[in-house]
Every structure is written in structure tokens, then in C-alpha cells.
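# Structure assessment
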Amino acid sequence: DSPLRLRVRSARLGTRFVLLLAEDRTESFRLDEVRRDFVANISHELKTPIASVSLLAEALDQAADEPDQVRRFAGRLSVEASRLAHISSEVIELSRLQARGALRTDVLLRVDEIVAAAVEQNRVVATAKGIDVAVKASSKAEVYGDRSLLVVAVHNLIANAIAYSSEGGRVGVGAKVVDGAVEIAVTDQGIGIEADELERVFERFYRIDQARSRNTGGSGLGLSIVKHTVQNHGGDVRVWSQPSRGSTFMIRLPLAEPPIEASDATGSPTGD
Ligand code: ADP
């Protein structure tokens, strides 16, 4: 316990303290960067439809005497307005999901019912594109969760499968129980995804080909919402894909165990 040893210890403590502080700073810098990116991305995504809206409003004003032009501009104005509404609702949904930790809910949901609702929501778009959506979800499996969030997640996968398929394509939606989990898979025979893009498609605002994706009217937030929703439910999402052949996205959720009957709880019937 000489003064020298004491000094060394306090110096060591000092170094450790500084190091901890430095690590903490790095983490907060990283979070700041993530937040800055998110805001920059939102601003970027909103700029185009906002600019279109003001240009169209101007054009509308100048074309007041030409009913055909007015109708055309009004139609495009309404498309841009729904695009803005869609992006803002997805941004809000995503921020809510990210702010919330794991979801605690005791609401039991039938998986086949969630799948049916998500398929139904895509019916009109699928029909318009001549795409047949085949459903194979006979399992009566149940999960605990938030119904509307889970329907949105499955909906987003089906909407993508339709959007990235050519006219007359086929989309399959299946649900089954495997090893205590429910697997909901959405398969298409569309354009597919290159191997090096597979991880990135779940990132916020990530689109493989900006021009191609913009034609589909997407925001690049759909899969990010799927990922966060599924993670909040204690599950995960995976993807398999081959360019020009198609893709399969699979959501896995923990299966809700059936309640243990009183007779089971008091011991096994065989007495061992
Ligand atoms: P978007 O709103 O652009 O569809 P998503 O987050 O849903 O955004 O998807 C991110 C990107 O991943 C899409 O822009 C698209 O390039 C690609 N992608 C998603 N689903 C599929 C699919 N089923 N087939 C091919 N590419 C897909």
C-alpha cells in the first residue's frame, strides 16, 4: 500500500474510466449517425413527391382552360398525394416499432386467419396484374401477438412478391408448424435478388435498383417493417433468392403453446 502503488492503481482506474467513456461516446456517435441517416433518407424520400405536387399544382393552374389536361394533372396529383401518405404512415409505423422493445401480449391469434387477411388485402392488385396467389395455410396454429402488425408484415411480403413478379406470374403463400415455430413463407417466381443484396434488403429505405423500385411505388421501408415487427414478436425473417428465378421470404414466429391441462400438470398418466 505504498503511495506509489496507490498512484498506479488510480492511474489504471483513470485509464479504464477514460476507455469506458470513449466506448460510450462511440456508441452514441453511432446512434447519432443512424438517426441522421434516417432523417436524411426521409427528407430525400419526401422531396420527390413534394416537388411533383408543387409542379403539378402549377401546371394545373396554367391548364385551367383545358379539361383533359386538368383531369390528367389531377390524377397524377392524387397519385403523388397517396405516395406521400404511404411513406409517412410507414415512417410512423417504423419509428413506433423501433421505439418499442419486445412485444408483450397475451392475445392469441390464428395464423391462417392472419394469412387470409393479408392475401385479401392484395387481391385487387394481384388480379389487376393477372397474378394467381395460391394459399396453403391449413394449419390451425396460433401465435401471441399484435394482429394488425402481423397482418401488415405478411401483407408487405405478398405485396413485394406481386410487385417484383411479371404479369401473369404465380405467388405462393404457405404456413406450417416446424419445431415449435410457425413458418409463414411467401414465394414468387419474379425477378429475384442477387446474393450480395440479400442482407441489405431489410435495411430502411434500401432498394436494389432505385429506378426499378420507384416504378413499383415502394418506399424501401416495407421489409424493414417486416423485420422489426417479427423481431418484436420474438421471431425472425429469412430470404432465399435467385436472380431471374424468384424469391422466398419466410417469417418464423414462436408457436403459442396450448395451455397445460390440469390432468397433465399433475403428472403423466403412466405414473413415471
Ligand atoms: P420497396 O417498398 O421498395 O418494395 P422493401 O423494403 O419492401 O421496399 O424492399 C426493399 C427492396 O428489396 C425492394 O426495393 C426490391 O428491390 C427488393 N425486393 C423486395 N422483395 C422482393 C421480391 N419478392 N423480389 C425481388 N426483389 C425484392
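Residues numbered from 1 in each chain as written. Predicted model: local features only at pLDDT ≥ 70, side-chain atom pairs only at ≥ 80, totals over all residues. Heavy atoms only, no water.

Attention now goes to the pattern of salt bridges. A side chain with one charge may pair with a side chain of the opposite charge, provided their charged atoms come close. The tally for this structure, following the rule as stated, stands at six salt bridges. We note a salt bridge from Glu-120 to Arg-123, for which the minimum N-O separation is 3.8 Å. Here the residue Glu-120 and the residue Arg-123 both occupy positions in helix α3 (residues 111-128), the gap between them amounting to three residues, near one helical turn. (Salt bridge = Lys/Arg side-chain N within 4 Å of Asp/Glu carboxyl O. Helix = DSSP H or I, 4+ residues; strand = E, 2+ residues; numbered from the N terminus.)

Ordered by their spatial adjacency, five strands build an open sheet running β2-β4-β5-β7-β6, and the pairing between neighbours is mixed. Each edge of the open sheet carries a strand with a single partner, namely β2 (132-136) and β6 (236-242). When the angles between neighbouring strand axes are averaged without regard to direction, this sheet yields 15°. As paired elements, strand β4 (residues 170-178) and strand β5 (residues 181-188) share eight bridges and run antiparallel to each other. Each residue of the ladder has a partner; that of Ala-175, found in β5, is Ile-184. In this fold α3 packs onto β2, β4 and β5, with an angle of close to 175° to the strand it touches most, β2. Across the sheet, helix α6 (residues 222-232) touches β6 and β7 (246-254), and the angle it forms with β7 is around 25°. (Pairing = 2+ DSSP bridges. Axes fitted to C-alpha atoms, helices over the stretch in contact; angles between N-to-C directions. Contact = heavy atoms within 4.5 Å.)

Time to look at the packing of helix α2 (residues 67-99) against α6. Direction vectors running N to C along α2 and α6 enclose 30°, while the axes themselves pass 10 Å from each other. The pairing of α2 with α6 is recorded here as roughly parallel in orientation. When you trace α2 past α6, the crossing you get is left-handed. Between α2 and α6, the residues in contact are Glu-90, Glu-93, Leu-94, Leu-97 and Gln-98 and Gly-222, Ser-224, Ile-225, His-228, Thr-229 and Asn-232, respectively. (Parallel < 35°, antiparallel > 145°, perpendicular 65-115°, else oblique. Left-handed = near helix turned anticlockwise from the far one by under 90°.)

This paragraph deals with the site of the ligand. Of all residues adjacent to the ligand, which total 21 residues, the nearest are Asn-160, Tyr-164, Asp-188, Ser-219 and Leu-223. At 3.3 Å, a backbone N or O of Ile-208 approaches an oxygen atom of the ligand. Between the ligand and Gly-222, the relevant distance is 3.3 Å, taken from an oxygen atom to a main-chain nitrogen or oxygen of the residue. Considering the ligand on its own, with 530 Å² of exposed area, one finds that the protein chains cover 97% of that surface. (Near = heavy atom within 4 Å. Polar contact = N/O pair within 3.5 Å; in protein donor to acceptor, adjacent residues only side chain to side chain. Areas by Shrake-Rupley, 256 points an atom, 1.4 Å probe, with all protein chains shown as cover.)

Take the packing of aromatic side chains next. As enumerated under the stated definition, the model contains one aromatic pair in all. Ring geometry for Phe-202 and Phe-249: centres 6.1 Å apart, planes at 70°, overall edge-to-face. In this pair, Phe-202 is assigned in the loop between β5 and α5 (210-215) and Phe-249 in strand β7, connecting sequence segments 47 residues apart. The exposure class assigned to Phe-249 is buried, which follows from its relative accessible area of 8%. (Phe/Tyr/Trp six-rings, centres within 6.5 Å; stacked < 30°, edge-to-face > 60°. Buried < 20%, exposed > 50% of the residue type's maximum accessible area, 1.4 Å probe, protein only.)

Along the chain, Ile-131 turns up in the loop between α3 and β2. Look past the residues within four positions of Ile-131 in its chain and what remains in contact with it is Ala-126, Ile-162, Ser-165, Ser-166, Gly-168, Gly-169 and Val-171.

What follows deals with the nonpolar core. Ranked by size, the top nonpolar core spans 39 residues in total, and within it Ile-184 and Ile-251 carry the most contacts. Those elements giving two or more residues to this core turn out to be α3, α4 (147-163), β4, β5, α6, β6 and β7. Here this core gets eight residues from one element, more than from any other, and that element is α4. Filtering out sequence-adjacent residues up to four positions away, Ile-251 remains in contact with Ala-153, Val-154, Leu-157, Val-182, Glu-183, Ile-184, Val-226, Val-230, Asp-236 and Val-237. In terms of nonpolar packing, the next biggest core, distinct from the first, is built from ten residues, Phe-38, Leu-149, Leu-221 and Ile-225 among them. (Core = buried A, V, L, I, M, F, W, Y, C linked by side-chain atoms within 4.5 Å.)

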